[in-house]
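Coordinate inspection notes
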Amino acid sequence: MLLPTGGGGMNSTMDDMNLIHQAQRHHLVVREIGEEIDLEIGPGDDDPSFSNNTLINVPPQESAGEEHDETKQMMIHQASGVNQDLLKTQPVKKKKKVVKRWREEWADTYKWAYVDVKDGTARIFCSVCREYGRKHRRNPYGNEGSRNMQMSALEEHNNSLLHKEALRLQMASKDKIVVDKPIYVKALMSKTAGSIVEAALKRDPHELEFIQSVQEAVHALERVISKNSSYVSTMERLLEPERTIIFRVPWVDDRGETHVNRGFRVHFNQTLGPCRGGLRFHPSMNLSIAKFLSFGQTLKNALSPYRLGGSSGGSDFDPKGKSDSEVMRFCQSFMNELYRYLGPEKDLPSEEMGVGTREMGFLHGQYRRLAGHSQGSFTGPRVNWSGSSLRTEATGYGLVFFAQLMLADMNKELKGLRCAVSGSGKIAMHVLEKLIAYGAVPITVSDSKGYLVDEDGFDFLKISFLREIKTQQRSLRDYSKTYARSKYYDEAKPWSERCDVAFPCASQNEINQSDAINLVNSGCHILVEGSIMPCTAEAVDVLRKANVLVAPSMAAGVGGVVAGELELKECNLNWSPEDFESKLQEAMKQTYQRALKAATDFGYQKESPEALVHGAVISAFLTIANGMVDQGCV
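Below: a short report on this structure. Here the structure is a predicted model, which means the values were calculated and not measured. Here the residue numbering is sequential within each chain, running from 1 through the sequence in written order. Local features are withheld for residues below a pLDDT of 70 in this predicted model, meaning they are given only at 70 or higher, and side-chain atom pairs are given and counted only at 80 or more; totals for whole chains, interfaces and linings count all residues. To get the side-chain values, all heavy atoms of the structure are used, and hydrogens and water are removed first.

1. Structural notes on the packing of helix 10 (residues 231–238) against helix 23 (residues 611–631)
The condition that has to hold: Only the stretch in contact is used when fitting a helix axis, every axis being a line fitted to C-alpha atoms; angles between N-to-C directions are given from 0 to 180 degrees. Secondary structure elements follow DSSP: runs of H or I of four or more residues count as helices, runs of E of two or more count as strands, with numbering from the N terminus. Note on angle classes: values under 35 degrees are labelled roughly parallel, values over 145 roughly antiparallel, values of 65 to 115 roughly perpendicular, and the remainder oblique. The criterion used for residue contact is that any of the two residues' heavy atoms lie within 4.5 Å. Asp, Glu, Lys and Arg are counted as charged, while Ala, Val, Leu, Ile, Met, Phe, Trp, Tyr, Cys and Pro are counted as nonpolar; the rest, among them Gly, fall into the polar class.
It is the contact of helix 10 with helix 23, at a shortest axis distance of 10 Å, that shows an interaxial angle of 95 degrees. The angle between helix 10 and helix 23 falls in the class roughly perpendicular. Contact residues: Tyr-231, Thr-234, Met-235, Arg-237 and Leu-238 in helix 10; Phe-621, Leu-622, Ile-624, Ala-625, Asn-626, Met-628 and Val-629 in helix 23. Of the residues in the contact of helix 10 with helix 23, the class split is nine nonpolar, two polar and one charged.

2. Let's talk about the nonpolar core
A general trend in soluble globular proteins is that nonpolar side chains are found buried together. Worth spelling out the cut-off: Residues belong to a common nonpolar core when they are buried Ala, Val, Leu, Ile, Met, Phe, Trp, Tyr or Cys residues joined through side-chain atoms within 4.5 Å. Exposure categories follow from relative accessible area, calculated using a 1.4 Å probe and restricted to protein chains: below 20% of the type maximum is buried, above 50% is exposed, and the middle band is partly exposed. The start and end points of each domain follow an automatic or database-based domain assignment.
Ranked by internal contacts, the top residues of the largest apolar core, which has 101 residues, are Met-235 and Phe-503. Broken down by element, this core gets its largest block of residues, 10 residues, from helix 23. When residues of this core are assigned to domains, at least three fall in each of domain 2 (241–371) and domain 3 (393–615). When near neighbours in sequence (up to four residues on either side) are disregarded, Met-235 contacts Ile-196, Ala-217, Val-218, Leu-221, Phe-295 and Phe-621.

3. A few points about the sheet that holds strand 11 (residues 441–442)
Where we set the bar: DSSP-based pairing: two strands are paired if at least 2 bridges between them are found.
Pairing within the open sheet is parallel, and its five strands lie in the order 11-10-15-16-17. Strand pairing shows two members of the sheet lacking a second neighbour, strand 11 and strand 17 (549–551), which therefore form its edges. When strand 15 (residues 501–503) meets strand 16 (residues 526–528), the two strands line up parallel, connected through two bridges. If you follow Ala-502 over to strand 16, its bridge partner there is Leu-527.

4. A look at the pairing of strand 13 (residues 450–454)
Burial within strand 13 is extensive, with five of its five residues counted as buried. Summarising the sheet, strand 12 (residues 444–447) and strand 13 pair through four bridges and their orientation is antiparallel. Note on strand 13: the bridge partner recorded for Ser-446 is Tyr-451. Here strand 12 folds back onto strand 13, and the loop between the two strands holds two residues. Bridge count for strand 13 against strand 14 (residues 486–490) is five bridges, and the pairing is antiparallel. Among the inter-strand pairings, Gly-450 is bridged to a residue of strand 14, identified as Asp-490.

5. Some remarks on the packing of helix 8 (residues 208–220) against helix 23
Between helix 8 and helix 23, the shortest axis-to-axis distance is 8 Å and the interhelical angle comes to 90 degrees. By the criterion of interaxial angle, the relationship of helix 8 to helix 23 is roughly perpendicular. Listed contacts from helix 23 to Ala-217, His-219 and Ala-220 of helix 8 are His-614, Val-617 and Ile-618. Taken together, the residues of the contact of helix 8 with helix 23 sort by class into four nonpolar, two polar and no charged.

6. Thoughts on the sheet that holds strand 12
Judged by pairing direction, the sheet is antiparallel, and its three strands sit side by side in the order 12-13-14 without closing on themselves. Looking along the sheet, the strands with just one partner apiece sit at the ends: strand 12 and strand 14. Strand after strand, the sheet turns through a mean of 15 degrees between neighbouring axes, direction not considered.

7. Here's the deal with the side chain of Gln-513
When you line up the elements, Gln-513 lands in helix 18 (residues 513–521). Other than its neighbours up to four places away in sequence, Gln-513 contacts Val-117, Thr-536, Glu-538, Ala-539 and Val-542.

8. Remarks on the packing of aromatic side chains
The condition that has to hold: Centres within 6.5 Å are what make two rings of Phe, Tyr or Trp a pair, Trp counting through its six-membered ring; a difference in plane orientation under 30 degrees is then read as stacked, over 60 as edge-to-face, and the rest as tilted. We count a charge as sitting over a ring when the NZ of a lysine or the CZ of an arginine lies within 6 Å of the ring centre and within 35 degrees of the ring normal.
For the structure shown, the criterion picks out 19 aromatic pairs. Geometrically, the ring pair formed by Trp-251 and Phe-330 is edge-to-face, given 6.3 Å between the ring centres and 85 degrees between the ring planes. Residue Trp-251 is found in strand 5 (residues 243–252), and its partner Phe-330 is found in helix 12 (residues 324–338); the two are separated by 79 residues along the sequence. A residue is classified by how much of its surface remains accessible, and Trp-251, at 6% relative accessible area, is buried. A centroid spacing of 3.9 Å and a plane angle of 10 degrees characterise the contact between Phe-317 and Phe-330, whose relative ring orientation is stacked. With Phe-317 in the loop between strand 8 (309–315) and helix 12 and Phe-330 in helix 12, the pair connects residues that are 13 residues apart, well separated along the chain. In terms of burial, Phe-317 and Phe-330 fall into one category: buried. These aromatic residues form a ring-pair network of at least three members: Phe-247, Trp-251, Phe-281, Phe-317, Phe-330 and Phe-334. Against the face of Tyr-397 rests Lys-434, its NZ or CZ located 4.4 Å from the ring centre.

Structure below.
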């Protein structure tokens, strides 16, 4: 090997090599901790194949090759005197093989990393330094159709020097870092409409879910407000709930220990009639969620064939793992405070997440005991002491009926279509049932741990087995032990599976921007919202640009409202399944037509992905707004 000539000799060569080594180091500053960290990230850490994979509706990701070229130019500039032969002898860091097996011990460290969007691309960031390294460029929810890519990207992050440093600081500080994600504020065409969102932000700046639901509604109402500016004050008045009830719920567990949870009930608007809305028992329950649920329920009830107000509520109590006695004591304590605000002409609750027939039975029993009468009934208790025989099926069946109406306008049908369903509760299971009855091929269900896919599609026998698994509180993973063509994926979502129609039936914001990209790339053309507000604001933008037709939950989920009112008003009639489905189908058809008519009245084309979403909000708002104007300032 020839040595470089010059005045410095070997010392000059060593200095130049040091310059090269310094140029290969990535400098990060940890602002929260106040110390500087050098993380060595060598060339070749990127996946060159990913730079060539263009994702739909997202600005192209800057290629790894371009950044590598910039690094090479910097190295050459700083070490211009180095012989090119010497550069070739420098060892090149090889890319580590990505293990595609999810390791449970890494799941707890994931809270020290988070997914956010930078320059239109989803990236994995470190919760300590708020930066991403070159080897974190993968789309965190998969690329090139690989089902294991989500787990691979997370493993790659957990193995990175960036994340190991975050983990070291976690162990040293013993403090949990909470990443404050800013509210995503959409740009509105009208300054008048924007003033409504600004007022809501000033009043409730920390209620993320509620602000998100307000933005979606105002965005849908822009054309309405531009034609009649008086609706601005009406909308501002509507966005303040008529009554918000927050109370403590003390209860005693089976060991005699006392616990205190927080209860919520929001009577959002009673212009059209008495309130109706669900109760949710979940650890994440808070005032923001209670308000956004009750706001959405208000619009849904106004869109339904009945004149009803909207409400919602619940508690941060978690019924999972609790005995029947513990659940009973909690429900009785919860009702001790809430019963005075309930009644057939005031407010009647229904089932929601974490509240099933067991919880509704305990709640109704305590209400009857305290109120001293049984006028009316809570919607959704057991058939033998309530009314309609298909109350629990109504919401799930209604979603499928609504999808069929959309397809019929396109001269298509559900038969043979692959359908991805999230969740595994009563709504998701009844969606599966009705999809099979229509000849569709439902392929997925999910829970809080991951999702299950069956390439052969579910049938009635398999659904019965799924129900048995859920009743016994077993994991969906056990399904794969019986059916070899199925597979369960930990810490993943079903939206990367090839499908024609998607039914998100789990919880709010379950589909983020990356999931929406996966849905589009998987061939999804229609999304029917089973849960309230299942898409983040960023995901909504992706789906809209890809012309995915969205059936909003306030329209597609009307089936539960219809069944509840039939149960209360005609509870002495024993409906046959055929009669009930006939009434339900008619109600869903009326709702569908109302939403489309409102959309076309304000210039939205029937084929537009915004038609049903905006039309549903417009129709519901105008119904409520006209009633508020007639009743004066109350």
